[in-house]
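# Remarks on the overall topology
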Amino acid sequence: MIQIGWHRFGKNVDEFEKELASYVNIDCAAALSAGTAAIHMAFKALDVKQGDIVFCSSLTFSATANPIIYQNATPVFIDSEKETWNMDPLSLEKAFEKYPNPKAVILVHLYGVPAKIEEIREICKKHNTPLVEDAAESLGATVNNKQTGTFGEFGVFSFNGNKIITTSGGGMLVSNNKEKIAKVRFWATQSREKAKHYEHKEIGYNYRMSNICAGIGRGQLKVLNERIAKKRAIYEKYKEAFEDNSYITMNPYLENSEPNYWLSVIQIDEKSGVNPLDILEALENENIESRPVWKPMHKQPVFEKYDFIKIQEKAISEELFERGLCLPSDTKMTEEEQERVISIIKKCFE
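Below: a short report on this structure. Predicted model, so just to flag it, every value in this text is computed and none were measured.

### Comments concerning the overall build of the protein
Assigned secondary structure in the protein consists of eleven helices and 15 strands. The globule rule puts the C-alpha radius of gyration for 350 residues at 20 Å, and the 21 Å found for the protein is close to it. The C-alpha extent of the protein, read off along each of the three principal axes, is 70 × 50 × 35 Å. Relative to its 350 residues, the protein shows a buried fraction of 53%. The long-range fraction of contacts in the protein, counting pairs at least 24 apart against all pairs at least 6 apart in sequence, stands at 70%.

So, in structure tokens, the structure goes:
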């Protein structure tokens, strides 16, 4: 076919959607420009709008919460629990008592560790509220052998450069609702109507993933299980190395779940006298990157005016931020490099 010019969409986009949907065992998917775009489209598909309330995990990256504001809705942030560091079901129930009719709930599977998703799904069903899963960090993680991102009305995955697989930048919205996914694809392609000319009856978005990025994603998906195995080995090596240090706790997960171990994270007991920033600086002095745990959304200046629901006197999410540190977890890291990281951390406790 002789064309006017190069088209950014093509076979790879369609096939990547099918292959990803098949991997997580869900009916359909829409390949988009970012995980943030996928969250935005999920809220639009749920008709989230001005005046609506959306319950949102507080311990997360701002990309989870920003699309609530895109839709002119109001976020209400929910505290974490200690067993997975994710949204606390008890705090969620308390939020429903205070705000009986939210438009949606969005929870995060933090650092690749599945939340108490079955409990939270039942709470949402009881209150007839749609659930969106921000599984940006948890592709390949499961609860009772069911993939994260497939429990709610919508699931969101990210293929940003730092994720377990990448398209350099991109995301995916998944659902068993074929009609809504089709509508998302339409909106994400500038809401272009099926006409010979360019016809638009609705406001659209430039959110579709390109064919080149989708091609990269298809190749990356083939090695996802290998990446998970490598991430697990990194996590287990850290866990074993710090077993004899009662002040260090690895990010936990439930027995009925299998994380993808995207990031290995430690929490440091304040009784140790060691501050996470001490370790961060010790690693930084050796040109090794580590990062604090996400600063909770309810503590962010841009979101501090919104409500925050907790059941503990001291918020769990705040404790995790103050005492947590994300360790180097890149699958390209060698065992020798990891041993170096471990050695530096141990010296901080001497």
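Next comes the rest of the description.
### Considerations on a negative patch on the surface
Residues Glu236, Glu240, Glu243 and Asp244 make up a contiguous surface patch of negative charge. Considering the arrangement of structural elements, one finds Asp244 in the loop between α8 (224-241) and β10 (248-250).

### Description of the sheet that holds strand β14 (residues 308-309)
Pairing is mixed in the open sheet, where eight strands are placed in the order β1-β9-β8-β5-β4-β2-β3-β14. Lying at the two open borders of the sheet, with one neighbouring strand each, are β1 (28-32) and β14. Alignment of β1 against strand β9 (residues 171-175), held across five bridges, turns out to be antiparallel. By the bridge assignment for β9, Ala31 is matched with Met172. Helix α2 (residues 35-45) rests against β1, β2 (53-57), β4 (104-108), β5 (131-134), β8 (154-158) and β9 of the sheet, and its axis sits at about 165° to β8.

### Here we look at the environment of Cys348
Its place among the elements puts Cys348 in the segment after α11 (335-347). Judged by its relative accessible area of 23%, Cys348 falls in the partly exposed class. Separated by 66 residues in the primary sequence, Cys348 and Ala282 have C-alpha atoms spaced 7.8 Å apart. Not counting residues within four places of it along the chain, the set of residues in contact with Cys348 comprises Val274, Asp278, Ile279 and Ala282.

### Observations regarding helix α1 (residues 11-24)
Because an α-helix packs 3.6 residues into every turn, residues spaced three or four apart end up facing the same way. Under the 1.5 Å per step criterion, the end-to-end length of α1 is 20 Å for 14 residues, consistent within 8% with the ideal 20 Å. All buried positions along α1 are accounted for by Val13, Phe16, Glu17, Leu20, Ala21 and Val24. Buried residues along α1 cover an arc of 125° about the axis, so they all sit on one side. Along α1, exposed side chains directed more than 90 degrees from the buried face belong to Lys11, Lys18 and Ser22. In this structure, the buried residues of α1 make contact with β1, β7 (146-147), β8, β9, α6 (178-188) and α7 (211-221). One or two steps after α1, the chain reaches Asn25, where phi turns positive at roughly 65°.

### Some points on the pattern of salt bridges
Across all of its chains, the model carries 20 salt bridges by this definition. Taking the shortest distance from any N to any O, the salt bridge between Arg185 and Glu17 comes out at 3.3 Å. Taken together, the residues Arg185 in helix α6 and Glu17 in helix α1 connect sequence positions 168 residues apart. For Asp47, the salt bridge identified is with Lys103, shortest N-O distance 3.9 Å. Residue Asp47 is located in the loop between α2 and β2, and its partner Lys103 is located in the loop between α4 (89-98) and β4; the two are separated by 56 residues in the primary sequence.

### Quick word on the sheet that holds strand β6 (residues 142-143)
The three strands are arranged β7-β6-β11 in an open sheet whose pairing can be described as antiparallel. Each of the sheet's edge strands pairs with one partner strand only, and the pair in question is β7 and β11 (257-258). With two bridges joining them, β6 and β11 adopt antiparallel strand pairing. From the neighbouring strand, Thr142 faces β11, where its bridge partner is Glu258.

### Thoughts on α7
Turning to α7, its buried residues are Asn211, Cys213, Ala214, Gly217, Gln220 and Leu221. Residues of α7 that are buried sit in contact with α1 and α8.

### Structural notes on the packing of aromatic side chains
For the coordinates displayed, the defined rule picks out 13 aromatic pairs. Look at Phe16 and Phe159: their rings are 5.2 Å apart centre to centre, the planes differ by 50°, and that puts the pair in the tilted class. Here Phe159 lies in the loop between β8 and β9 and Phe16 lies in helix α1, a separation of 143 residues in the sequence. Look at Phe159 and you get buried, because its relative accessible area is 0%. Through a chain of ring-to-ring contacts, three or more aromatic side chains come together here, namely Phe61, Tyr111, Trp262 and Trp294. Cation over ring: Lys146 sits above Phe151, and NZ or CZ is 5.2 Å from the ring centre.

The rules behind each value
- Residues numbered from 1 in each chain as written.
- Predicted model: local features only at pLDDT ≥ 70, side-chain atom pairs only at ≥ 80, totals over all residues.
- Heavy atoms only, no water.
- Helix = DSSP H or I, 4+ residues; strand = E, 2+ residues; numbered from the N terminus.
- Rg over C-alpha atoms; globule rule 2.2 N^0.38 Å.
- Buried < 20%, exposed > 50% of the residue type's maximum accessible area, 1.4 Å probe, protein only.
- Contact = heavy atoms within 4.5 Å.
- Patch = residues over 30% accessible without salt bridge, like charges linked within 9 Å, V, L, I, M, F, W, Y side chains within 5 Å.
- Areas by Shrake-Rupley, 256 points an atom, 1.4 Å probe, with all protein chains shown as cover.
- Salt bridge = Lys/Arg side-chain N within 4 Å of Asp/Glu carboxyl O.
- Lys, Arg positive; Asp, Glu negative; His and termini not counted.
- Charge placed at Lys NZ, Arg CZ, Asp CG, Glu CD.
- Pairing = 2+ DSSP bridges.
- Axes fitted to C-alpha atoms, helices over the stretch in contact; angles between N-to-C directions.
- Expected span 1.5 Å × (residues − 1).
- Arc of directions from axis to C-beta.
- Phe/Tyr/Trp six-rings, centres within 6.5 Å; stacked < 30°, edge-to-face > 60°.
- Lys NZ or Arg CZ within 6 Å of the ring centre and 35° of its normal.

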